[in-house]
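Each chain, written out:
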Amino acid sequence: MMLSRGLSKLSRKLVHITTGPIFVLTWLFFSDAPYARFIAAAVPCLNGIRLLAVGSGLISNPGLVNSMSRSGDKAELLRGPLYYIAVLAAVTVLFWRDNPAGAITVSMMCGGDGLADIVGRRFGTGKLPWNSNKSWAGSAAMFFAGMAMACGYFWLFCSLGYFECFPLQLVLPYLAVVCGACTLVESLPVNSWFDDNLSVPLVAAGVSMLVLPLAAAAAHGCSLPQQQHVLQMLHIG
């Protein structure tokens with residue numbers, strides 16, 4: 001029974017880690033039409049409708065409940081899993097391929113937060129002084145996994161011409177600020193009332209929108225008052 005529960009937790013986390021990043025990669029198959037992002041966003045929206053129907057009891061789907069909930073309670077689908085789906089839809093519509101903030105947000109919610117739980121449970125003997133439920137190992141895993149995934153997406157989308165490529169040594173400090181902020185928020189003892197699938201993406205998107213303009217300005221040697229033109233060119237503003 002213990003082994004079965006452990007495998008179930010690992011399975012849920014692997015789904016958490018892989019679903020969002022794979023969905024972001026499907027963005028590459030859509031056209032450049034202005035409405036393409038809305039068609040792409042329909043995929044998580046339809047999944048969200050399914051979660052709403054099952055979680056509210058309108059339809060019965062024990063397999064879905066068991067695969068996506070920790071406790072086996074269908075109402076749990078209306079929290080973390082639904083937030084996760086909502087974030088995927090939101091970043092698709094709001095950021096899409098030409099604004100790296102979207103891919104960075106998914107990287108921190110999926111790659112960072114997802115791996116933090118796996119590593120923390122396995123190697124998290126050293127607990128954080130401000131939250132005994134979190135560990136240094138888990139937080140380190142979140143920071144570096146999120147950073148690695150964000151860098152990968154940044155390179156992929158800029159190499160395909162969706163936005164301008166910056167030198168890696170210039171981008172990394174700004175990505176580190178985003179990853180550090182998300183890691184700090186994830187480590188706080190607030191997830192009992194503010195789900196990580198909301199707090200981490202909100203911080204990732206918000207901080208990205210603050211620091212990406214600075215990276216753009218630095219790459220172009222611009223002063224701060226000149227940033228608006230650069231942001232419009234890079235689709236960040």
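Up top you'll find the structure we're talking about.
Chains are numbered independently. Their residues run from 1 in the order of the written sequence. Owing to the predicted nature of the model, reporting of local features is limited to residues with pLDDT of at least 70; listing and counting of side-chain atom pairs is limited to 80 or more, with chain, interface and lining totals taken over all residues. The side-chain values count all of the structure's non-hydrogen atoms but skip hydrogen atoms and water molecules.

Where charged atoms of side chains with opposite charge meet at close range, the side chains can pair. Here, a salt bridge means any Lys or Arg side-chain nitrogen found within 4 Å of an Asp or Glu carboxyl oxygen. What the rule picks out here adds up to four salt bridges. Here K134 makes a salt bridge to E186, at a shortest N to O gap of 2.8 Å. You can see K134 sitting in strand β2 (residues 131-135) and its partner E186 sitting in helix α7 (residues 168-187), a full 52 residues away along the chain. Summarising the burial analysis for this pair, K134 and E186 share the class buried. The secondary structure listing takes helices from DSSP runs of H or I that are at least 4 residues long and strands from runs of E that are at least 2 residues long, numbered from the N terminus. Only protein chains enter the accessibility calculation, which uses a 1.4 Å probe; a residue is then buried when its area is under 20% of its type maximum, exposed when over 50%, and partly exposed in between.

Here we take up the pairing of β2. The pairing criterion for strands is at least two bridges between them, as found by DSSP. Two strands pair when backbone bridges link them, and strand β1 (residues 127-128) and β2 are joined in this way by two bridges, in the antiparallel orientation. Within β2, the residue paired with L128 across the bridge is N131. Counted between consecutive antiparallel strands, the loop separating β1 from β2 contains two residues.

What follows concerns the nonpolar core. Counting 53 residues, the largest nonpolar core has W27, M108, F157, L175, V178 and C182 as its most contacted members. If you list the elements that add at least two residues to this core, you get α1 (2-26), α2 (36-55), α3 (62-68), α4 (80-94), α5 (100-123), α6 (136-159), α7 and α8 (196-219). With nine residues, α8 is the largest single contributor of residues to this core. Residue contacts follow a heavy-atom distance rule, with two residues in contact if any of their heavy atoms lie within 4.5 Å. Once you skip the residues sitting within four places of it in the chain, M108 turns out to touch D113, M142, G146, M147, C179, C182, T183, V200 and A204. What we call a nonpolar core is a set of buried Ala, Val, Leu, Ile, Met, Phe, Trp, Tyr and Cys residues that are connected through their side-chain atoms within 4.5 Å.

This paragraph deals with a nonpolar patch on the surface. Taken together, the side chains of W130, W136, L184 and L188 make up a nonpolar region of the molecular surface, amounting to roughly 410 Å² of accessible area. Along the chain, W130 turns up in the loop between β1 and β2. Looking at W130, the relative accessible area reads 40%, which means it is partly exposed. Think of a patch as exposed residues, more than 30% relative accessible area, with no salt bridge, where like charges cluster within 9 Å and nonpolar side chains (Val, Leu, Ile, Met, Phe, Trp, Tyr) cluster within 5 Å. Only the protein chains shown count as cover for residues, with accessible areas throughout obtained via the Shrake-Rupley method and a probe of 1.4 Å.

So, on to the packing of α5 against α7. Between N-to-C directions, angles span 0 to 180 degrees; the directions come from axes that are lines fitted to C-alpha atoms, helices contributing only their stretch in contact. Here α5 crosses α7 at 50°, and the two axes come no closer than 11 Å. In terms of orientation, α5 lies oblique with respect to α7. When you trace α5 past α7, the crossing you get is right-handed. Contacts between α5 and α7 involve I104, M108, D113 and A116 on the former and, on the latter, L175, V178, C179, C182, T183 and E186. Side-chain classes follow a simple rule in which Ala, Val, Leu, Ile, Met, Phe, Trp, Tyr, Cys and Pro form the nonpolar group, Asp, Glu, Lys and Arg form the charged group, and the remainder, Gly included, forms the polar group. Among the residues forming the contact of α5 with α7, the class breakdown is seven nonpolar, one polar and two charged. Any angle from 65 to 115 degrees is called roughly perpendicular, while one under 35 is roughly parallel, one over 145 is roughly antiparallel, and all others are oblique. Two helices crossing with the near one rotated counterclockwise from the far one by less than a right angle form a left-handed crossing, whereas a clockwise rotation gives a right-handed crossing.

This brings us to the side chain of S187. Tracing the chain through its elements places S187 in helix α7. The buried category is assigned to S187, whose relative accessible area is 2%. When residues no more than four places from it in sequence are discounted, the contact partners of S187 are L128, W130, N131, K134 and S139.

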